[in-house]
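Structural overview
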Amino acid sequence: MKEPSNLESTPLYSSRMVDNYIRLIKSDYSYVNVDDLLTCAGMTPYEIADEGHWFTGAQMDRFHEKVYQLTKDEDIFRKAGRYAASPEAGNVLQQYFRGTISTAASYALLENSIEKITRADKIRTRKINSNKVEITVTLRKGVSQGLPFCENRKGYLESIALMCKRKQPRIVHSECMFKGGECCRYIVTWKKTALNIIKKIVNSFALVLFSSCLVFGFFDFQFMVSVLFPGSTAIILLLTMIVWRKEKKEMKSRIRDLRISTSQLVDQININYNNAMLTNEMGQLVGRQSNIDSTLDNIVHISKRWLDYDRCMLLLADPEREKLKFHAGYGYTDDQLNLFKKTAFRLKRSTKYKKVLATAFHEQEPILINDISEIEKKLSIKSLTLTDRLKTQSFLCCPIIYDGVSIGVLAVDNLKTKRPLVQSDMNLLMGIASITGISIRSTDLYEARERQFRSILKVMAASIDARDPMTSGHSERVTEYAFGICREMGFPEDFCEMMQVAALLHDYGKIGVPDAILKKPGRLTQKEYEIVKSHSEKTKNILEQINFEGIFSQIPSITGSHHEKIDGSGYPEGLKGEEIPLGARILAVADFFEAITSKRHYRGPMQINKALRMLKNDTGKHFDKNVVDAFFMYYTKMNSKNPKNQKNRKKIVLIRNM
């Protein structure tokens, strides 16, 4: 029965071919265990249910061998091909061929349509007459087949005529490549339809009647004109009407079939479009740099918009890789989401179905179940309880893998649509899981780099504060004020982040100021004051050596100008008004307020209300009015959060409105 196949790892045969066998076996050979058959062939039910899936020659050889072994029917292969015409087959090709004009046209379409069934065959068709065609089949280079394929082709050729609502055709297999021929040659003949016969009768009858009219016209012209010609015309018109009605009925049937196949084609186009858009958006997501929560939310949001699944959940392993924890999802009720947040799925290894998520995670293989009842007895009590609460009927879960290491699981299911999950769903979700792994890892690396960057900045800022315990925490408080001002002024997130960095480093140039001057308890001399003032320019010069990019490239000029004043009396360059960078104007307010309200070697901290009045009085002279207003709004809100500061809040409002 079996001959060796070449290209064993190349997909050559559509799942539709196998689907015909399975449907036929379930219908006429109920004693055959389909699961054993598929397992032997290395196939799965969801691969067969997927019309876009293809099997290798080696799989088909094992399948044919097992089919014959289980059924003991030598005609099974031809029956399976013929079964494509059965209403139970539900094959898309039925509408494809029924939508053609004639049976001959359907056979002519084989040259192109055969690619929907097999990539191993090359077919050529030649019309002999209106009800007879010659079909030759050769194999593509490197492919070999056994006799089951030849018998299956015969049945398939018979099914085309049956799908076109003809009786079973007669097939003469005049040459067979499996019996020494160069190709398989089939002569297919089918009976002409009643409609064709009626057409011939009408045409012949019309010719006879009109010939009779001409003959009678010579002998009895009056009889011919008054009786014979009108009667003949009426009969011909009646027969023509019958033919026309039959043709119209047949055409409606073909149009209906064509509409169905077109609708299915449009549905497939929509699926392909959605998958393309999904891939595009997922690809863009990889390049975005954000935090892990927003990355996961984006993945789920994109999946919800483009995927045809009712529900989806994304779970990630904890750092110890002992549990899976729910991070994002859609399609679940609030109660179910709360349940997930409280539930941790243990990652202890177990049998395949006892802990499905753990198995997918450890084995790094997807698991697809279309009927949960088939594995209920294998599930753990906890898993069974969870599936009952979620009313799960079918599901697909795929491991999220990066660099060979599992980091989570992506799971989907259909609760409302009841659409069966197939191999293409598995392929698609594995692709999404792969992109998800890359996105998560990219985000982790970005966050780690950002944490490292910020820790370096804090160390740099702390290195200045550490020189003098009196000023410890100054940079952090200035950063807090500057960030609050930016938020009140409605600046975008990237500007706010840049200002945080600038605020942390605004005094870094003081590293070049001697301790004797920096920590001097009394008033500074003019020369000492000039040395202190040099810290702004030193800060700028030092920070210019750091490769800041994008909006962060403004940091050196902002930090170097934070002692400039609106009226031009500041330093180091005496800039005026809008000549001063906006970020420097924000830092000036934050730095001034923090400095005068904190204790220094040469004075104590100034009272808040007095400091606010000074800030208000210097508005328009030393400080930008818009920045000062924003600071007052921020400071008022900050005080309103504490009930003990209500009286102080009223004073702040009064000062602000002065």
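One can find the structure itself at the top, above this paragraph.
Everything numeric here is computed off the predicted structure, so don't read it as measured data. (Residues numbered from 1 in each chain as written. Predicted model: local features only at pLDDT ≥ 70, side-chain atom pairs only at ≥ 80, totals over all residues. Heavy atoms only, no water.)

A closer look at the packing of helix α1 (residues 15-28) against helix α4 (residues 57-71)
One can describe the packing of α1 onto α4 by two numbers: an axis separation of 12 Å at closest approach and a directional angle of 15 degrees. On the basis of the axis angle, α1 is roughly parallel to α4. Judged by the sense of rotation from one axis to the other, the crossing of α1 with α4 is left-handed. Where α1 approaches α4, its residues M17, V18, Y21, I22 and I25 are matched on the opposing element by M60, F63, H64 and V67. Of the residues in the contact of α1 with α4, the class split is 8 nonpolar, 1 polar and no charged. (Axes fitted to C-alpha atoms, helices over the stretch in contact; angles between N-to-C directions. Helix = DSSP H or I, 4+ residues; strand = E, 2+ residues; numbered from the N terminus. Parallel < 35°, antiparallel > 145°, perpendicular 65-115°, else oblique. Left-handed = near helix turned anticlockwise from the far one by under 90°. Contact = heavy atoms within 4.5 Å. Nonpolar A, V, L, I, M, F, W, Y, C, P; charged D, E, K, R; others polar.)

Brief notes about the sheet that holds strand β8 (residues 323-330)
One open sheet holds the 6 strands; their spatial order is β9-β8-β7-β12-β11-β10, and the pairing between them is antiparallel. Looking along the sheet, the strands with just one partner apiece sit at the ends: β9 (344-346) and β10 (367-369). Shown here is a sheet whose adjacent strand axes are inclined to one another by a mean of 25 degrees, direction ignored. Against the sheet, helix α13 (residues 334-342) contacts β7 (311-317), β8 and β9, and its axis sits at roughly 155 degrees relative to β8. (Pairing = 2+ DSSP bridges.)

Notes on the nonpolar core
One finds M60, F63, Y107, L110, I135, Y186 and V188 to be the most contacted residues of the largest nonpolar core, which totals 51 residues. Considering every element that reaches this core, the biggest residue donor is helix α9 (residues 147-163), with 7 residues. Non-local contacts of Y107, meaning those with residues more than four positions away in its chain, are made with T125, V133, I135, L157, I160, A161, P169, V188 and W190. (Core = buried A, V, L, I, M, F, W, Y, C linked by side-chain atoms within 4.5 Å. Buried < 20%, exposed > 50% of the residue type's maximum accessible area, 1.4 Å probe, protein only.)

Some thoughts on the environment of I566
Take I566: it is sitting in the loop between α22 (555-560) and α23 (582-596). Separated by 54 residues in the primary sequence, I566 and G620 place their C-alpha atoms 6.5 Å from one another. In contact with I566, not counting residues within four places along its chain, are K576, G577, I580, R585, G620, K621, H622, F623 and D624.

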